[in-house]
Amino acid sequence: MTPMQRGTRIAGIGAFLVVVFIAVPMAIAAAHRTDLYYTLSSVALLSIASGGVWLTFYIGRINIGQGAFALVGGYVSAILVTAYGLSFWLSLPLAGLFCAAASVLVGLPILRLRGVYFAMVTLVLTEVARLSALALSVTNGAKGITSIPAPGPIGLFGLTIVPAFDTFAERNVAFYFLSVTVMALCFAGLWRLVNSRVGRLFAALRQNEDLASSMGLNVPALRVLAYAISSFLGGVGGAIFVAIAQSIYPSSFTVNDSVNFMLNCFLGGLGYVFGPMLGTLVLYFGWDLLFQTGQYQLLIYSGVMILLILLLPNGLFSLRLPSRRSS
Amino acid sequence: MAPILQVKDLTKRYGGLTAVNEVSFDVEPNEILSVIGPNGAGKSTIFKLISSFVKPTRGEVTFNGEVISGLAPHTVARKGVVRTFQETTIFKGMTARDSVIVAHHLRSHASLFGFYLGSAAARRDEADFGRSSDEILDFLGLGAVKYEIASNLPQGHLRALGIAIGLAANPKILLLDEPFAGMNADETSRAVEMVRAVRDRGVTLLLVEHDMAAVMKISDRIVVINFGVKIAEGTPAEIRANEKVIEAYLGVEDETIGL
């Protein structure tokens, strides 16, 4: 990397952090649109889950099952907090780890499938998760889990680092900062992964699993590793979502969400780590903007999506950054 | 010297079809051995059986006295039995150099986590892989095109890249799948030189090939397969004189229909 590239990169990261942590809150305050905090938190959390889906694309698998892990992550956090009185802050990583562990068990057999076969099985996973949540007693069936307490304070050596969310005048401001912080951390982690040797091994899997295994790469183990990271992100996104809504139901994440996670990746661009972030933002607001068109909303939306995929097969990022393909 | 690779009574049945039937042969250290035969004779199946991409119905393959048939392909590669594929099978979207760097996986000392965090061992590995990749690419005449995306390379270079990727995995025996297929005489003679040079690095070579002229030129020994059965084994001169081989390739007179 040349010093100049390093300079642009640091400037880019700086600009991103300034926009997310300073400019957006200032703009919201100026426009008196505090409702946007909730919307933007949702976008941040959905893009974390989409980032996971993006990683499974990166090893050459079409993943339409992220909704299942978002749901499982949400339930794990909700149950730990309500039934076991655990702090939300502990339940968050545990929800991610639970999803990662579950995805290892599920992934070992199903990652042997490729193409539409893998895609179909993952699609079914979302339904399996929803129906399990309906049937099990620990998830409280169709009634779901409600009145989940807001995240408590984080203290270290008697110092309060993050105050309890209930003490904020506007809880959603706290959730906004939580969501975008976790999003920034997750995407920094993903970026590092893809640009490290691990990412190159993943790319080798995408391009040729047989050749990779004849070079001594443990292909099944690497596939499961990517899937576990992907599901971890799904679980973390789901868990924070549930904390915001303070409730979770079997229908909190459905097949529709799974499909959207995948579309976010397509829209942003499969070749760019930050593609899912952009894709989620555009898709979320695009859908909302089309609300005024009433009954034509879905028609216009679908038409635009088809056009975008035809005209920009490498996603929105390819418009601006033709030389920064990360693969 | 003890054989490096032994194929014993290798048999593979697909349903009622016996693709390979009780084939046995030895590969001596540092020799170039070619397995040849008409189309559909079972050469490719033998190749997949040795590299453990397919499990045998009966029989076994041993490498340095250790049974390797039935192990996962990446475990077999780890032991030093590395296969290449025909030219279409490479890491298409990567540069030639990146492909070779990735293929150094077996030589890494750092863990995946170390690579993620950029530990000292990982940085040392990365530097070693880069140097070694440059050496291998220069050795196979790819130095000038190493930053090209692999799928943009012409066929001759692709073939060399396939071998480069194989060499990066540090093989003791390298299995080459039809390295001369689709080449003209000029390209073939260059590829023959390349294979010899690889042998001179101390790598044993097992080729599956049906370009007779090239095989005769390059091989120390040849094994001939027809209808899944070994029909001959010997030096190129012996094979050339073998009646069964002539029969398999040209057909006996009363089987030749209208030609």
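Residues numbered from 1 in each chain as written. Chains lettered and ligands numbered in written order. Predicted model: local features only at pLDDT ≥ 70, side-chain atom pairs only at ≥ 80, totals over all residues.

This part takes up the overall build of chain B. The number of helices and strands found in chain B is ten helices and ten strands. The C-alpha atoms of chain B give a radius of gyration of 19 Å, which matches the 18 Å a tight globule of 259 residues would have. With 259 residues in all, chain B has 45% of them scored as buried. Contacts spanning at least 24 positions in sequence make up 67% of the contacts within chain B whose residues lie at least 6 apart. (Helix = DSSP H or I, 4+ residues; strand = E, 2+ residues; numbered from the N terminus. Rg over C-alpha atoms; globule rule 2.2 N^0.38 Å. Buried ≥ 20, exposed ≤ 12 C-beta atoms within 10 Å, placed from the backbone. Contact = placed C-beta atoms within 7 Å.)

Residue and element names in this part refer to chain B. In the Ramachandran plot, E22 falls in the positive-phi region, its phi being about 45° despite a non-glycine side chain. Backbone geometry at N170 places phi at a positive 60°, although glycine is not the residue there. Note on placement: N170 falls in the loop between α6 (155–168) and β7 (173–177). Taking the number of C-beta atoms within 10 Å as the measure of exposure, N170 has 19 and is therefore partly exposed.

This paragraph deals with the interface of chain A and chain B. Many analyses report the size of an interface as the accessible area lost when the parts associate. Across the boundary between the two partners, chain A contributes 21 residues, which contact 25 residues of chain B. Breaking the side of chain A that touches chain B down by element, the ones donating at least two residues are α6 (171–195), α7 (197–207) and α8 (209–214) of chain A.

It is worth spelling out the packing of helix α2 (residues 35–58) of chain A against helix α10 (residues 255–268) of chain A at this point. Residues and elements named next belong to chain A. The N-to-C vectors of α2 and α10 enclose an angle of 70°; their axes lie 8 Å apart at closest approach. Overall, the two elements α2 and α10 adopt an arrangement that is roughly perpendicular. In contact with S47, A49, S50, V53, W54 and F57 of α2, α10 contributes F261, M262, N264 and C265. Of the residues that constitute the contact of α2 with α10, the class distribution is seven nonpolar, three polar and no charged. (Axes fitted to C-alpha atoms, helices over the stretch in contact; angles between N-to-C directions. Parallel < 35°, antiparallel > 145°, perpendicular 65-115°, else oblique. Nonpolar A, V, L, I, M, F, W, Y, C, P; charged D, E, K, R; others polar.)

Residues and elements named next belong to chain B. One open sheet holds the four strands; their spatial order is β2-β1-β4-β5, and the pairing between them is antiparallel. Each end of this open sheet is capped by a strand with a single partner; those strands are β2 (17–27) and β5 (66–67). Two strands pair when backbone bridges link them, and strand β4 (residues 58–63) and β5 are joined in this way by two bridges, in the antiparallel orientation. Within the sheet, the bridge partner assigned to T62 lies in β5 and is V67. (Pairing = 2+ DSSP bridges.)

Take the domain arrangement of chain B next. Residues and elements named next belong to chain B. By the assigned domains, chain B splits into domain 1 (1–80 + 173–179 + 205–259) and domain 2 (87–170). Here the C-alpha centroids of domain 1 and domain 2 sit 29 Å apart. Contact residues are listed per partner, giving four residues for domain 1 and four residues for domain 2. Classifying every residue of the side of domain 1 that touches domain 2 gives three nonpolar, no polar and one charged. (Domains from an automatic or database assignment.)

This next bit is on the confidence of the model for chain B. Residues and elements named next belong to chain B. Within chain B, residue pLDDT values average 89, and 95% of them lie at 70 or more. No element of chain B has a lower mean pLDDT than helix α10 (residues 243–250), at 81, and none a higher one than strand β8 (residues 204–208), at 95. Note on residues 255–259: pLDDT is under 50 here. Beyond four places in sequence and across chains, it has one contact. Here the predicted complex carries an ipTM of 0.86, next to a pTM of 0.89. (pLDDT = per-residue confidence, 0-100.)

It is worth spelling out the packing of helix α3 (residues 66–84) of chain A against α10 of chain A at this point. Residues and elements named next belong to chain A. At a minimum axis separation of 7 Å, α3 and α10 run at an interaxial angle of 115°. Every residue of α10 that contacts α3 at Q66, G67 and A70 is listed here: V255, D257, S258 and F261. Classifying every residue of the contact of α3 with α10 gives three nonpolar, three polar and one charged.

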